[in-house]
Amino acid sequence: MSGRISVDLTGPQQTMLATLYAKALDADAAESVLGDSFARDAVARIDYDWKRTTITARQAPGVAARSKHFDTWTRQFLAVHDRATVLHLGCGLDSRVFRIDPGAGVEWFDVDHPDVIALRERVHPQRDHVRTIGTSVTDLAWLDRIPTEAPTLVLAEGLTMYLTRTDGVALLRGVVNRFDSGEVQFDAFNPLGIRLQWTNAVVRRSGSTLHWGISGQEEILAAVPGLRALWVGSVFESEELKQIGGLYRWLCVTCAAVPGLRGVAQYHRYGF
Ligand SMILES: C[S@@+](CC[C@H](N)C(=O)[O-])C[C@H]1O[C@@H](n2cnc3c(N)ncnc32)[C@H](O)[C@@H]1O
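So, here's what we can say about the structure. On a predicted model such as this, the values are computed, not experimentally measured, just so you know. (Residues numbered from 1 in each chain as written. Predicted model: local features only at pLDDT ≥ 70, side-chain atom pairs only at ≥ 80, totals over all residues. Heavy atoms only, no water.)

Quick look at the side chain of R99
Its location among the elements puts R99 in helix 4 (residues 96-100). R99 gets classed as buried once you look at its relative accessible area, which sits at 13%. Looking at R99, its side chain comes within polar contact range of the side chain of D71, at 2.7 Å. Each residue touching R99, except ones within four places of it in the same chain, is listed here: K23, L34, D36, F38, S67, D71, R75 and D94. (Helix = DSSP H or I, 4+ residues; strand = E, 2+ residues; numbered from the N terminus. Buried < 20%, exposed > 50% of the residue type's maximum accessible area, 1.4 Å probe, protein only. Polar contact = N/O pair within 3.5 Å; in protein donor to acceptor, adjacent residues only side chain to side chain. Contact = heavy atoms within 4.5 Å.)

Describing the sheet that holds strand 3 (residues 84-89)
Overall, mixed pairing links the seven strands, which are arranged 5-4-3-6-7-9-8 in an open sheet. Each having just a single partner strand, strand 5 (130-134) and strand 8 (228-234) make up the two edges of the open sheet. Sheet twist, expressed as the mean angle between neighbouring strand axes with direction ignored, is 15°. Bridging between strand 8 and strand 9 (residues 265-271) involves six bridges; their strand directions are antiparallel. Looking across to strand 9, one finds that W231 is bridged to R269. (Pairing = 2+ DSSP bridges. Axes fitted to C-alpha atoms, helices over the stretch in contact; angles between N-to-C directions.)

Some details on the site of the ligand
Neighbouring the ligand are 22 residues, the closest being T19, K23, G90, D112 and E157. At 2.7 Å, a backbone N or O of G90 approaches a nitrogen atom of the ligand. Note that a nitrogen atom of the ligand is positioned 2.8 Å from one of the backbone N or O atoms of E157. Surface burial for the ligand is 96%, taken as the share of its 580 Å² of free accessible area covered by protein chains. Per-element accounting of the shell around the ligand gives the leading share, six residues, to helix 1 (residues 12-28). Of the residues that constitute the shell around the ligand, the class distribution is eight nonpolar, nine polar and five charged. (Near = heavy atom within 4 Å. Areas by Shrake-Rupley, 256 points an atom, 1.4 Å probe, with all protein chains shown as cover. Nonpolar A, V, L, I, M, F, W, Y, C, P; charged D, E, K, R; others polar.)

Re the nonpolar core
Core analysis: the largest hydrophobic core is formed by 33 residues, its most contacted members being L78, V86, M161, F189, L210, F236 and L241. Breaking this core down by element, the ones donating at least two residues are helix 3 (60-80), strand 3, helix 4, strand 4 (106-112), strand 6 (152-156), helix 11 (246-257) and strand 9. With six residues, the top contributor of residues to this core is helix 3. Discounting chain neighbours no more than four positions away, the residues touching F236 are L241, K242, C252, C255, A256, L261, R262, V264 and A265. In this structure, V111, I146, A156 and A223 belong to the second largest nonpolar core, which totals 30 residues. (Core = buried A, V, L, I, M, F, W, Y, C linked by side-chain atoms within 4.5 Å.)

Considerations on a nonpolar patch on the surface
A surface patch of nonpolar side chains, amounting to about 320 Å² of accessible area, comprises L247, W250 and L251. Considering the arrangement of structural elements, one finds W250 in helix 11. Judged by relative accessible area, which is 54%, W250 ranks as exposed. (Patch = residues over 30% accessible without salt bridge, like charges linked within 9 Å, V, L, I, M, F, W, Y side chains within 5 Å. Salt bridge = Lys/Arg side-chain N within 4 Å of Asp/Glu carboxyl O.)

Looking at helix 3
Given a rise of 1.5 Å per residue, 21 residues ought to cover 30 Å, and the 31 Å separating the end C-alpha atoms of helix 3 matches this to within 8%. Of all 21 residues making up helix 3, 15 are buried, and the element is well covered by its neighbours. (Expected span 1.5 Å × (residues − 1).)

What about the packing of aromatic side chains?
Counted according to the given criterion, the structure contains eight aromatic pairs. Residues W73 and W231 carry aromatic rings whose centres are separated by 6.0 Å and whose planes lie at 65° to one another, so their mutual orientation is edge-to-face. Linking W73 in helix 3 with W231 in strand 8, this pair joins segments that are 158 residues apart in sequence. The class for W73 is buried, based on a relative accessible area of 6%. Between W73 and Y267, the ring centres sit 6.0 Å apart and the planes meet at 65°, which makes this aromatic pair edge-to-face. (Phe/Tyr/Trp six-rings, centres within 6.5 Å; stacked < 30°, edge-to-face > 60°.)

Written as structure tokens, this is what we have:
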């Protein structure tokens with residue numbers, strides 16, 4: 001079909017096609033978790049054999065639940081800061097800014113590798129107060145382009161595991177040093193989660209390697225002076241996953257009950 005956009009991505013950049021497709025499948029479900037019609041529209045605009053992502057309708061609610069979790073945290077932050085900066089790192093083609101629809105006092109930056117941002121600019125419409133930055137987040141020069149005055153939310157969904165510990169800690173320190181106040185929100189695997197990466201078909205097929213396994217909040221608090229923990233816990237104990245029911249409820253109950261598994265996937269939220 002003419003006008004559809006072709007993509008040819010490998011490595012970490014490719015994995016965002018899987019999360020996008022999951023959110024599009026979820027949008028089509030009778031009991032959608034996220035209701036992300038923007039993801040469905042984006043998938044329709046891209047010429048890609050989506051089966052290659054390995055994502056099926058069964059996996060879609062789990063991915064959508066993670067995005068819903070960060071949407072909730074983002075809304076909570078913006079509810080108390082109507083003037084704010086949001087740095088959406090490793091944004092992929094996620095349509096969070098459209099789902100959240102922030103007010104005019106919010107300056108939003110979507111940041112990802114240049115090839116992802118080039119695609120993003122073709123797929124999603126432009127919007128006032130939203131800018132994109134095509135860079136590796138590990139090249140900290142991009143931080144100099146961000147205004148520092150407003151409270152700043154740094155949000156990284158599905159990103160930290162692709163960074164090395166050295167780069168991840170440098171990024172967090174860079175954020176805390178540059179901005180006066182705000183929050184840092186991200187998800188993470190622990191070292192066991194990193195060792196289990198061979199079970200993750202999306203990662204395997206993309207040719208990516210996951211690096212950074214985070215043991216818990218102590219590791220972050222010790223490495224990044226200035227952060228204070230607001231909420232750190234298991235993904236398996238999150239309300240969004242429990243609400244899906246069926247296989248997911250069973251998975252959550254089981255993984256949350258086994259000490260060795262509870263921390264495999266974590267949500268982290270810090271203030272500074
Ligand atoms: C699993 S996808 C998640 C995409 C999106 N956050 C979502 O949840 O749909 C991982 C994203 O992180 C991006 N990424 C990985 N390493 C990065 C880096 N060093 N700098 C910028 N983006 C990076 C990838 O390009 C990809 O878009």
